[in-house]
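Residue strings, one per chain:
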Amino acid sequence: MAAAASAQAQDLDNTLVLTLSTGGDVRILMRPDLAPKHVERIKTLTRQGFYDGLNFHRVIEGCMAQTGDPLGTGGGGSDMPDLEAEFNEFPHLRGVLSMARTNEPNSANSQFFIMLQPNFSLDNQYTVWGRVIDGMEFVDTIERGEPPAAPSTIVKAAIAGDQ
């Protein structure tokens, strides 16, 4: 019984909840087994309130929705140092979350994207760290554009185990 309770608590500690301006919550199962340093970064920034109010500044129809830049331009990040890549074998399927970066593989910081459709050309090029487990319908209605005319936002980001 204690093992089951511990496993459930662990799942909540690795569940990111994004309340979007598109009307609902998106629940994301984070995968520290795939990308432990990236998951830890997302948790740290989430607990600092870093993602609250940030917009989706680059949303490509049939590809992905990108966020995590405090400047809203795609050129910014957190004050924390960039992370070394943790490329893994998990494919870039619909609903997968992966870290954005520059052309330099070890430049991921705070920006991430949610896959709207599969794109296997991104595999082993970007660090996958999670997957949407509920609320993909709210991701699907994020305003498109580079940048969008009226960007959708993350109203609030939280770790489920902290709520």
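Preceding block: the structure.
If you're wondering where the values come from, they're calculated on a predicted model, not measured in any experiment. (Residues numbered from 1 in each chain as written. Predicted model: local features only at pLDDT ≥ 70, side-chain atom pairs only at ≥ 80, totals over all residues. Heavy atoms only, no water.)

Along the backbone of the protein there are three helices and eight strands. Going from the N terminus to the C terminus, the protein shows its helices and strands as α-β-β-α-β-β-β-β-β-α-β. Expressed as a percentage of the 163 residues in the protein, the buried residues total 46%. Contacts in the protein between residues at least 24 apart in sequence constitute 70% of all its contacts with a sequence separation of at least 6. Carbon and sulfur atoms provide 51% of the accessible area of the protein, an area that totals close to 7,600 Å². Positive and negative side-chain charges in the protein, numbering 12 and 21 respectively, have mean positions lying 2 Å apart. (Helix = DSSP H or I, 4+ residues; strand = E, 2+ residues; numbered from the N terminus. Buried < 20%, exposed > 50% of the residue type's maximum accessible area, 1.4 Å probe, protein only. Contact = heavy atoms within 4.5 Å. Areas by Shrake-Rupley, 256 points an atom, 1.4 Å probe, with all protein chains shown as cover. Lys, Arg positive; Asp, Glu negative; His and termini not counted. Charge placed at Lys NZ, Arg CZ, Asp CG, Glu CD.)

This part takes up the pattern of salt bridges. In the structure shown here, the tally under the stated rule is eight salt bridges. The residue Arg47 makes a salt bridge to Asp13 at a minimum N-O spacing of 3.0 Å. Here Arg47 is found in helix α2 (residues 36–47), whereas its partner Asp13 is found in helix α1 (residues 2–13), with 34 residues between them in sequence. Linking Glu146 and Arg58 is a salt bridge whose minimum nitrogen-to-oxygen distance equals 3.2 Å. Separated by 88 residues along the polypeptide, Glu146 in the loop between α3 (136–140) and β8 (154–159) and Arg58 in strand β3 (residues 58–60) bring together distant segments of the chain. Taking relative accessible area as the criterion, Glu146 reaches 54% and is therefore assigned exposed. Owing to a relative accessible area of 34%, Arg58 belongs among the partly exposed residues under this scheme. (Salt bridge = Lys/Arg side-chain N within 4 Å of Asp/Glu carboxyl O.)

Looking now at the sheet that holds strand β7 (residues 128–134). Pairing within the open sheet is antiparallel, and its eight strands lie in the order β3-β4-β6-β5-β7-β2-β1-β8. Two strands bound the open sheet, and with one partner strand each, they are β3 and β8. Averaged over all pairs of adjacent strands, the angle between strand axes in this sheet comes to 25°, irrespective of strand direction. Bridging between strand β5 (residues 96–99) and β7 involves three bridges; their strand directions are antiparallel. By the bridge assignment for β7, Ser98 is matched with Val128. (Pairing = 2+ DSSP bridges. Axes fitted to C-alpha atoms, helices over the stretch in contact; angles between N-to-C directions.)

Further remarks concern the nonpolar core. Judged by nonpolar contacts, the single largest core of 30 residues is most densely connected at Leu18, Tyr51, Phe112 and Trp129. For this core, the secondary structure elements donating two or more residues are β1 (15–20), β2 (24–30), α2, β5, β6 (112–115), β7, α3 and β8. Once you skip the residues sitting within four places of it in the chain, Phe112 turns out to touch Leu18, Ile42, Tyr51, Ala65, Gln66, Thr67, Leu97, Ser98, Met99, Ala100, Trp129 and Ile154. Listed in part, the nine residues of the second largest apolar core include Leu34, Met64, Ala100 and Met115. (Core = buried A, V, L, I, M, F, W, Y, C linked by side-chain atoms within 4.5 Å.)

Tallied over the entire structure, the rule returns one cavity of 30 Å³ or more. The computed volume of the largest cavity comes to approximately 30 Å³. Lining the largest cavity are Ala85, Phe87, Met99, Arg101, Pro105, Ala108, Tyr126 and Thr127. Here the lining of the largest cavity is composed, by residue class, of six nonpolar, one polar and one charged. (1 Å grid on protein atoms, 1.4 Å probe; cavity = no way out; pocket = protein on both sides within 12 Å on 5 of 7 lines; lining within 4 Å. Points joined across faces, edges and corners; volume = space filled by probe spheres on them. Nonpolar A, V, L, I, M, F, W, Y, C, P; charged D, E, K, R; others polar.)

Empty space within the largest pocket amounts to approximately 380 Å³. Around the largest pocket, the lining comprises 23 residues; the ones closest to its centre are Gln66, Ala100, Arg101, Thr102 and Gln111. Sorting the residues of the lining of the largest pocket by element identifies β3 and β4 (64–67) as the ones contributing at least two each. Here the lining of the largest pocket is composed, by residue class, of eight nonpolar, twelve polar and three charged.

These values are about where atoms sit, not about what they do.
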